[in-house]
There are 2 protein chains.
Amino acid sequence: MTKEIKNQSFVKYVELPRPALGNNTADVERLKSALAKEIETDTIFFPTGLASDFAIKLRQWNHRVKVVLFKDSRGWRVVDLLEPDIKRPVLGIAADLGTTRIVLRLINLESRKSCAEIGFDNPQASIAPDVLARIHHSRTQEGLKELQQLVISAFNENIHLLCMACAVEPISSYGQFQSQAELQTGQELQTGQELQAGQELQTGQELQAGQELQAVQASQFEVQPKIEDIHLLTVAGNSAMTHLFLGIDPSFLIREPYIPAINVPEPLEADQLGIKINKRGMVYLFPNIGSYFGGDLISGILFADLHKKDAPCIMVDVGTNAEVVVGYRDWLIACAGAAGPALEGGISDMGMTAKPGVIDTVKIDPLTGAVEVHTIEEKPAIGICGSGMIDLAAQLFLSGMLDIRGKFVPEKCGKRYFEEDGVGSFRLIGYGHVAEAGNEHNLADIVLTQVEMNSLTSSKAAMYSILQVMVEKIAGLQFEDLEKFYVAGTFGSFINPESAISIGMLPDIQIEKFEVLGNSSLEGAAKLLMNPDLFDEIDVIRKGITYIELNVNQEFMNIFSGAKFYPHTDVSRFPSIKALC
Amino acid sequence: MTKEIKNQSFVKYVELPRPALGNNTADVERLKSALAKEIETDTIFFPTGLASDFAIKLRQWNHRVKVVLFKDSRGWRVVDLLEPDIKRPVLGIAADLGTTRIVLRLINLESRKSCAEIGFDNPQASIAPDVLARIHHSRTQEGLKELQQLVISAFNENIHLLCMACAVEPISSYGQFQSQAELQTGQELQTGQELQAGQELQTGQELQAGQELQAVQASQFEVQPKIEDIHLLTVAGNSAMTHLFLGIDPSFLIREPYIPAINVPEPLEADQLGIKINKRGMVYLFPNIGSYFGGDLISGILFADLHKKDAPCIMVDVGTNAEVVVGYRDWLIACAGAAGPALEGGISDMGMTAKPGVIDTVKIDPLTGAVEVHTIEEKPAIGICGSGMIDLAAQLFLSGMLDIRGKFVPEKCGKRYFEEDGVGSFRLIGYGHVAEAGNEHNLADIVLTQVEMNSLTSSKAAMYSILQVMVEKIAGLQFEDLEKFYVAGTFGSFINPESAISIGMLPDIQIEKFEVLGNSSLEGAAKLLMNPDLFDEIDVIRKGITYIELNVNQEFMNIFSGAKFYPHTDVSRFPSIKALC
């Protein structure tokens, strides 16, 4: 217990015994032995370069020192030596390195509080939207460098903005930050008067399209944070993004037999990657398990504490791929990606990315057929996202407008149904829906075609099939045996489990068992920055996972066929829906 | 035994199991586990940067790879990955980093053969001749950088020359190299025809004053060695030189309580120091024990295997300071430097540095008084070195020309004795000595004054006193108990033990027990490059040594007073000399 408390920080304050004729060990060795007591280890790596002016500083600091530490595969490592009474904050950044979106969170390593968060689109998308195409682009050294540089530059730019967002004291025109609201595209950081308060702020800097910035507890700083105050960066991404971030050729990730170049990268100097934080700062990438099971999932498991649960649980991450982990304290089984063509252009492709104006909730009155939609931030509707689609499908099915094969029932859909080139469609906005009258800004029709509906059917069937195979065939459990059902990933954050159950996408278990984790990849990376003991847990997770490549075999296809019905050919699997139908 | 053989190289050839659907671990992890079997460890540090193009190379190399390894305080570390059938040599450099002189030796890490050696004056002498003055100069950041840069640049320049010295095949005009002869000042590397053979050679490059270059086994290379072929550099120097080489402030080495900034520096990337070898190359500095007991001595102990002896031995290193280690397998006691004023301007200051033309041996016929001298390389006499001085003093004493207080006996010296300003002097060359007639090139008189003689007397007394204190007072042994008497350091290489015993500088033990180690600092550094197991031995030495600061107390001064006589006030200590007197 003592150990746990002691180790729960990467920043240590130590007082060294004074040197004397009877204690004439070297300064660095005296520091190491004082630290060794503090963190209960006798192997501490002290980079020789740090010694250059340590002797004089140590005496100026009266033999006291604040030490920033980190860990690698072989144990503790000294990152930097700071004045013991330094006013400057000691910061770290946790990163979710997504294929589509990247989120950075600034964290005070001493208080272990979040300071600010920024989200932005992965700039590699300008080269290639998906992972496959990016890997192809990285085949040449130049292409690889280009992709790496894009993401590193984006990190640097956004890290700078994160610092700017942390005002020293609450200033009225910084209301956006203080209220945790988001700065949208094109909004300028008005820094006329703030420039005096926080010297680092740049006037006129604009947020780019897709950038979202949040500052929390802006007043926690005595001085304006600078990039030099950032000593650690933890990054959780899938295997391909991790390779590209590190400038490592990812070619063989996608060629049989699907071999990553590296699974467990050692932490490296930020400088070596071109990451602009403290010149002695360290960057840690979460380890991969395999080509399709990356650090983002390890980070998610760490966040959910799946490896510590007393009874089997499941975690489902639906991002660019769908990944599933079943297990608890005693074992963990993971599968990822390759449900094959069934999932292609599948779940993650459904609808738009969640953003203001996107429909995330749909309600249809089964009696009147009246449709009610909700948009994110209640902005004028501009489209529908994945969770909205699932909601819509569930409502259509429950109100009889969709049959058990997932086909529109024209007579039930009424005026909202129309055909174009022989393809049936359902008009969600544009004609006769309840919200329309009061919402003149809905300029565009929002329509769901049978083709899109079929794609959703495939996706939901694939999802259910993966879950069934994992839980029943591989883990040998029943869905009811699961104590918790964790839904991770951006997509998961918005999903309505009841709707997902209604269409037979998620198993029909108690609603209370579902828990939305949010951006579990980011949360795991942030959790690590607050507790060095978690390095050991990551090792436990990594070594404890049995990783299975799901092949699209005949058995899977049989299961998949049944799952393409609403909710399923075997309705007994969905007792609560059976009661409603 | 197997382990020993296996580990005795920093270069390993490994074949990796082929990746397959059933063995889809990442490339780096596959390499690490293959290596782990080879070197019997499960902690291998693999720098992430090395992974960048490893996947494609590994496949080009058909899953075979030559790995350059090194060690740090926590175990093995991968330095570089090479083509398995590479024609290029894999090289290392061992360095003796002396205050006055630096020697580099190029070693083939695979064949473990020496290739070439170069010696040059420490360029820091241009700033300040001695350690104290250099430390004073390093008080400012600029001064410290300047001193570091001087030595780093000299390393780079001489490393380049070492590569040039290694001709691919024996070429007649390269006779100097092949015959191990030395290139002297101003001699040009005639590279007219060699330029075709070894592309790296530069025409017209001149050796500077004090540079000495030797190439051995010039024909061992298939291709001309380049600096990129050099992967490892091991450096043994005293504590101050080690600090300055690393750019670490050495100020507190010389202020009470004499604290080094660092004792055990971790190996670091050559790049970080500006050392121009392979860009992934590593530099290792031997650890210090204290301010006055440096890595050069640890290296010497390693070379002499003092820590493995079955019976107590002594090792004496007389360089800029005098350092003494007594001990064997069970214990090691060291003392260094501070015999205080007794040694000031002492042993190391005697005479000239050994070089061609310097008198290193003197013989005086006790009956005729005829003087015979020998010069290094039998060149015309230009002066006398320390070992020549000891020889001279011994011969003078044994022939009665010097009394037991170390004063000239004019009536015995005859015409060679003269006085100037009341100071007696002995003319060694310039009048009536036997060699003069046949050696018209001896232009200058070579004279020894009573003042110089007194200084020698102090030095020899200090040396004997240190030895007596260490062996008798501290270790509680008698000189006869010592199984071996190792004499290290440049000075030691030329000393004649019989002469040193005659004047009472070294104890009167059997001549066979004396063993000259030569440049033991360089030899230890070279030995390490040939056997990774020695890292553990260095640790054993470092941790096993009891380090004692010798203070000039009354007891020491009493011993010192007796030792100022020839050979000693207590003649019973020198039975073999007593018989001659």
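Keep in mind that this is a model prediction, so the values were computed, not measured.

S.K.: Sorry if this is basic, but what is going on with the overall build of chain A here?
M.R.: In terms of regular secondary structure, chain A is built from 19 helices and 23 strands. A total of 581 residues make up chain A; the buried ones form 57% of that total.

S.K.: What is the right way to read the relation of the copies chain A and chain B from this model?
M.R.: The second copy of the chain is related to the first by a rotation about an axis and a shift along the axis. For these two chains of identical sequence, chain A goes onto chain B by a turn of 180° and a shift of 0.0 Å along the axis, with RMSD 0.1 Å. Here the transformation between the copies is reduced to the relation of a two-fold axis. When each C-alpha of chain A is compared by its distance to the rotation axis, Arg 74 of chain A comes out closest, at 3.5 Å. Both copies share a contact surface, since 98% of the interface residues of chain A are interface residues in chain B too.

S.K.: Quick question: what am I supposed to make of the interface of chain A and chain B here?
M.R.: Interfaces are often described in size by the accessible area the parts lose on coming together. Listed per partner, the contact involves 47 residues of chain A and 46 residues of chain B. A combined buried area of about 3,800 Å² lies between chain A and chain B, and 60% of that area is made up of carbon and sulfur atoms. With a closest N to O distance of 2.7 Å, Arg 74 of chain A and Asp 72 of chain B form a salt bridge. Linking chain A with chain B are 21 residue pairs in polar contact (both at pLDDT 80 or more), by the criterion used here. When contributions to the side of chain A that touches chain B are tallied by element, the ones reaching two or more residues are helix 2 (27–39), strand 2 (44–45), helix 3 (54–60), strand 4 (75–82) and strand 23 (545–549) of chain A. Of all the elements, helix 2 of chain A adds the most residues to the side of chain A that touches chain B, at 5 residues. Broken down by class, the residue content of the side of chain A that touches chain B amounts to 25 nonpolar, 11 polar and 11 charged.

S.K.: Sorry if this is basic, but what is going on with the side chain of Ser 499 of chain A here?
M.R.: Examined against the element boundaries, Ser 499 of chain A turns out to sit in helix 15 (residues 497–502). Among all residues touching Ser 499 of chain A, those that are not within four sequence positions of it are Ile 390, Asp 391 and Ala 394 of chain A.

S.K.: What exactly am I supposed to notice about the pattern of salt bridges here?
M.R.: Once the charged atoms of two side chains with opposite charge are near each other, the side chains can pair. Counted under the stated rule, the structure contains 50 salt bridges over all chains. Between Asp 85 of chain B and Arg 64 of chain B there is a salt bridge; the shortest N-O distance is 2.9 Å. Of this pair, Asp 85 of chain B sits in the loop between strand 4 (75–82) and strand 5 (91–97) while Arg 64 of chain B sits in strand 3 (residues 64–72), and the two are 21 residues apart along the sequence. Between Arg 105 of chain B and Glu 117 of chain B there is a salt bridge, with its nearest N and O atoms 2.8 Å apart. Of this pair, Arg 105 of chain B sits in strand 6 (residues 101–108) while Glu 117 of chain B sits in strand 7 (residues 113–121), and the two are 12 residues apart along the sequence. Taking the relative accessible area as the measure of exposure, Arg 105 of chain B reaches 10% and is therefore buried. Each of Asp 27, Arg 30 and Arg 59 of chain A takes part in salt bridges that share partners, so that together they form one network.

S.K.: Sorry if this is basic, but what is going on with the packing of helix 5 (residues 141–165) of chain B against helix 8 (residues 239–246) of chain B here?
M.R.: Between two packed helices, what matters for the description is the angle formed by their axes and the separation of those axes. Residues and elements named next belong to chain B. Contact geometry of helix 5 with helix 8 gives a least axis separation of 7 Å together with a crossing angle of 90°. Taken as axis vectors, helix 5 and helix 8 run roughly perpendicular relative to one another. Mapping the contact onto sequence places Leu 144, Leu 147, Gln 148, Val 151, Ile 152 and Phe 155 in helix 5 and Leu 244, Phe 245 and Leu 246 in helix 8. Split by residue class, the contact of helix 5 with helix 8 holds 8 nonpolar, 1 polar and no charged.

S.K.: How should I be thinking about the packing of aromatic side chains in this particular structure?
M.R.: Here the distance between the centres and the angle between the planes together describe a pair of aromatic rings. According to the stated counting rule, one finds 37 aromatic pairs over all chains in the structure shown. Note on Phe 10 of chain A and Phe 535 of chain A: the rings are 6.0 Å apart at their centroids and 90° apart in plane angle, and the pair reads as edge-to-face. With a gap of 525 residues between them, Phe 10 of chain A in the loop between helix 1 (2–7) and strand 1 (11–15) and Phe 535 of chain A in helix 17 (residues 534–544) connect regions that are remote in the sequence. Each member of the pair, Phe 10 of chain A together with Phe 535 of chain A, is buried. Note on Tyr 258 of chain B and Tyr 292 of chain B: the rings are 6.0 Å apart at their centroids and 65° apart in plane angle, and the pair reads as edge-to-face. Residue Tyr 258 of chain B is found in the loop between helix 8 and strand 10 (268–269), and its partner Tyr 292 of chain B is found in the loop between strand 11 (282–285) and helix 10 (295–304); the two are separated by 34 residues along the sequence. Tyr 258 of chain B gets classed as partly exposed once you look at its relative accessible area, which sits at 25%. The structure contains a cluster of three or more aromatic residues connected by ring pairs, namely Phe 10, Phe 70, Tyr 284, Phe 286 and Phe 535 of chain A. The positively charged end of Arg 255 of chain B is found above the aromatic ring belonging to Phe 252 of chain B, 4.6 Å away from the centroid. For the cation-ring pair, Lys 460 of chain B lies above Tyr 566 of chain B, with the distance from its terminal atom to the ring centre recorded as 4.7 Å.

S.K.: Would you take a moment to explain the pairing of strand 14 (residues 331–336) of chain B for this structure?
M.R.: The side chains of a regular strand alternate, first on one face of the sheet and then on the other. Residue and element names in this part refer to chain B. Among the 6 residues that make up strand 14, 5 are buried, leaving the element largely enclosed by the rest of the structure. One ladder, built from 6 bridges, connects strand 13 (residues 322–328) with strand 14; its direction is antiparallel. What sits directly across from Tyr 328, in strand 14, is Trp 331. The loop that links strand 13 with its antiparallel partner strand 14 comprises 2 residues. Note that strand 14 and strand 23 (residues 545–549) share 5 bridges and pair parallel. Following the sheet pairing, Ala 336 is matched in strand 23 by Glu 549.

S.K.: How do you make sense of the state of the cysteines when you look at a structure like this?
M.R.: Disulfides are covalent bonds that link the sulfur atoms of two cysteine residues. With the rule as written, the count across this model stands at 0 disulfides over all chains. Distance from the sulfur of Cys 166 of chain A, which forms no disulfide, to the nearest cysteine sulfur (Cys 115 of chain A) is 5.2 Å. Cys 166 of chain A sits in the buried class, given a relative accessible area of 1%. Cys 335 of chain B provides the cysteine sulfur closest to Cys 313 of chain B, a residue in no disulfide bond, and the two sulfurs are 17 Å apart. With relative accessibility at 0%, the residue Cys 313 of chain B sits in the buried group.

S.K.: Just checking my understanding: could you explain the environment of Lys 276 of chain A for this structure?
M.R.: All names here are of chain A. Summarising the element assignment, Lys 276 is placed in the loop between helix 9 (270–273) and strand 11 (282–285). Look at Lys 276 and you get exposed, because its relative accessible area is 54%. Note: C-alpha distance between Lys 276 and Asp 249 (27 residues apart in sequence) is 23 Å. Filtering out sequence-adjacent residues up to four positions away, Lys 276 remains in contact with Asn 156, Ile 159 and Ile 227.

S.K.: How should the sheet that holds strand 19 (residues 423–429) of chain A be read in this particular structure?
M.R.: Remark on secondary structure: sheet strands pair via backbone hydrogen bonds, oriented parallel or antiparallel. Residues and elements named next belong to chain A. Read across the open sheet, the 3 strands follow the order 18-19-20; overall the sheet is antiparallel. Looking at which strands have only one partner, the edges of the open sheet turn out to be strand 18 (417–420) and strand 20 (446–449). Averaged over all adjacent pairs, the angle separating strand axes in this sheet is 40°, with direction ignored. Here strand 19 pairs with strand 20 via 4 bridges, running antiparallel. Bridge pairing in strand 20 links Ile 429 to Ile 446. With respect to the sheet, helix 13 (residues 450–474) is in contact with strand 19 and strand 20, its orientation differing from that of strand 20 by roughly 65°.

S.K.: For this particular structure, what's the right way to read the side chain of Ser 291 of chain A?
M.R.: Structurally, the position occupied by Ser 291 of chain A is in the loop between strand 11 and helix 10 (295–304). Looking at Ser 291 of chain A, its side chain comes within polar contact range of the main-chain oxygen of Tyr 258 of chain A, at 2.9 Å.

Analysis parameters
Residues numbered from 1 in each chain as written. Chains lettered and ligands numbered in written order. Predicted model: local features only at pLDDT ≥ 70, side-chain atom pairs only at ≥ 80, totals over all residues. Heavy atoms only, no water. Helix = DSSP H or I, 4+ residues; strand = E, 2+ residues; numbered from the N terminus. Buried < 20%, exposed > 50% of the residue type's maximum accessible area, 1.4 Å probe, protein only. Least-squares fit on C-alpha atoms with pLDDT ≥ 70 in both. Contact = heavy atoms within 4.5 Å. Buried area = accessible area lost by both parts, 1.4 Å probe. Salt bridge = Lys/Arg side-chain N within 4 Å of Asp/Glu carboxyl O. Polar contact = N/O pair within 3.5 Å; in protein donor to acceptor, adjacent residues only side chain to side chain. Nonpolar A, V, L, I, M, F, W, Y, C, P; charged D, E, K, R; others polar. Axes fitted to C-alpha atoms, helices over the stretch in contact; angles between N-to-C directions. Parallel < 35°, antiparallel > 145°, perpendicular 65-115°, else oblique. Phe/Tyr/Trp six-rings, centres within 6.5 Å; stacked < 30°, edge-to-face > 60°. Lys NZ or Arg CZ within 6 Å of the ring centre and 35° of its normal. Pairing = 2+ DSSP bridges. Disulfide = S-S within 2.5 Å.

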